[in-house]
Amino acid sequence: MTPGPARAAVNRWGPPLLVAVVLLAAWESYVRAAGVSPVVLPGPLRVGEALWTARDDAVRNAVPTILEAAIGFAASVTFAVVAAILLDRVPPLRRAIEPLFVGSQTIPIVAVAPLFVLWFGFGLEPKIIVVVLVTFFPIVVALLDGFARVEPAATDLLASYGATGGQTFRLLRWPAALPALFTGLRISVVYALIAAVFGEYVGAYEGLGIWMKVSQNAFRTDLVFAAILVTAVLSIALFALVRLVERMVIPWAPGIRA
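Residues numbered from 1 in each chain as written. Predicted model: local features only at pLDDT ≥ 70, side-chain atom pairs only at ≥ 80, totals over all residues. Heavy atoms only, no water.

Caption draft 1: Quick peek at the packing of aromatic side chains. Taken as a whole and judged by the stated rule, the model has six aromatic pairs. Between tryptophan 27 and phenylalanine 225, the ring centres sit 5.5 Å apart and the planes meet at 55 degrees, which makes this aromatic pair tilted. Of this pair, tryptophan 27 sits in helix α1 (residues 5-34) while phenylalanine 225 is found in helix α10 (residues 221-249), placing the two residues 198 residues apart along the sequence. Classification of phenylalanine 225 as partly exposed rests on a relative accessible area of 25%. When the centroid spacing of 5.6 Å and the interplanar angle of 50 degrees are considered together, the rings of phenylalanine 147 and phenylalanine 169 count as tilted. Of this pair, phenylalanine 147 sits in helix α6 (residues 124-148) while phenylalanine 169 sits in helix α8 (residues 165-202), and the two are 22 residues apart along the sequence. Under the relative-accessibility criterion, phenylalanine 147 is labelled buried at 1%. These aromatic residues form a ring-pair network of at least three members: Phe147, Phe169 and Trp174. One cation-aromatic arrangement involves arginine 55 over tryptophan 52; the distance from NZ or CZ to the ring centre is 4.1 Å. The positively charged end of lysine 213 is found above the aromatic ring belonging to tyrosine 201, 5.6 Å away from the centroid. (Phe/Tyr/Trp six-rings, centres within 6.5 Å; stacked < 30°, edge-to-face > 60°. Helix = DSSP H or I, 4+ residues; strand = E, 2+ residues; numbered from the N terminus. Buried < 20%, exposed > 50% of the residue type's maximum accessible area, 1.4 Å probe, protein only. Lys NZ or Arg CZ within 6 Å of the ring centre and 35° of its normal.)

Below, the structure is given as structure tokens:
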């Protein structure tokens, strides 16, 4: 018997919510019982109170972070899709470029992010570049993996009907790669917000990252945790948004049907 929507929601979200409540209760109990200074480790209640008191600052700093993550992620998706298609369609280009993509992931962002601030200032550009660098590679790899999973027999079948390379790509290879693409998008969209926060932490006028840094310098650990909480909530929201778009675009995919 198939459970109803309410029962299904409880089965899906009940266990993680229960674990979260238990962890928060244990955290609050430890802080109170051990008499830990709020400067060292504030309890969840104090963090929530600080976030509510500074809600205007939280909203004001969250807006530029979301903007940077959204612009950087959109640019990254565009570049990654174009790059993956080119690498898939032109094997010699893939052999020449793919090692460079892999090598680019060995460059520590913590080392180059300050250089972006030095070169481009404290505006949007350095954060967008950091977001692109962090999110580009997972999307490219996921889409290339999706292309590689296309059954050769299906390609041969279309070719036997006289389909051109472009028709085969449009009718078979691209749709077949979409589930893998959305897997990469779900991973990268979370990285996008974290990368934007990190870029702000290095240097910015406003944003969650610089709010964390200023709060840390002022020994407001509760506000640091509040900024972390806002970042986590926004990351989950972006992940859920990508998942929703996935359900709308590829409702036929096995994972979506399940």
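Caption draft 2: The arrangement of α8 in detail. Helix length check: α8, at 38 residues, gives a terminal C-alpha distance of 46 Å against a target of 56 Å (1.5 Å per residue), a shortfall beyond 12%. The sharpest bend along α8 reaches about 40 degrees and sits at leucine 178, with the proline proline 179 one to four residues further on. (Expected span 1.5 Å × (residues − 1). Bend = angle between axes of the 7 residues up to and from the residue.)

Caption draft 3: Local environment of the environment of alanine 192. As for its position among the elements, alanine 192 is in helix α8. The spatial distance from the C-alpha of alanine 192 to the C-alpha of isoleucine 71 is 9.6 Å, given a sequence separation of 121 residues. Among all residues touching alanine 192, those that are not within four sequence positions of it are Ala69, Phe73, Val131 and Thr135. (Contact = heavy atoms within 4.5 Å.)

Caption draft 4: Region of the structure containing the packing of helix α5 (residues 109-120) against α6. With their axes 8 Å apart at the nearest point, α5 and α6 run at an angle of 150 degrees to one another. Judged by the inter-axis angle, α5 sits roughly antiparallel to α6. Between α5 and α6 lies a crossing whose hand is right-handed. Residue-level contacts link Ile109, Ala113, Phe116, Val117 and Phe120 of α5 to Glu125, Pro126, Ile129, Val130, Leu133 and Val134 of α6. Here the contact of α5 with α6 is built from residues that sort into 10 nonpolar, no polar and one charged. (Axes fitted to C-alpha atoms, helices over the stretch in contact; angles between N-to-C directions. Parallel < 35°, antiparallel > 145°, perpendicular 65-115°, else oblique. Left-handed = near helix turned anticlockwise from the far one by under 90°. Nonpolar A, V, L, I, M, F, W, Y, C, P; charged D, E, K, R; others polar.)

Caption draft 5: Examining the nonpolar core more closely. One finds Val140 and Leu185 to be the most contacted residues of the largest nonpolar core, which totals 49 residues. If you list the elements that add at least two residues to this core, you get α2 (44-53), α3 (55-89), α5, α6, α8, α9 (208-217) and α10. Ranked by residues supplied to this core, first place goes to α8 with 12 residues. Not counting the four nearest positions on each side in its chain, leucine 185 is found in contact with Phe73, Val77, Ile139 and Val242. (Core = buried A, V, L, I, M, F, W, Y, C linked by side-chain atoms within 4.5 Å.)

Caption draft 6: Broad picture of unusual backbone geometry. The phi dihedral of phenylalanine 219 falls on the positive side, at around 60 degrees, and the residue is not glycine. Mapped onto the elements, phenylalanine 219 comes out in the loop between α9 and α10.

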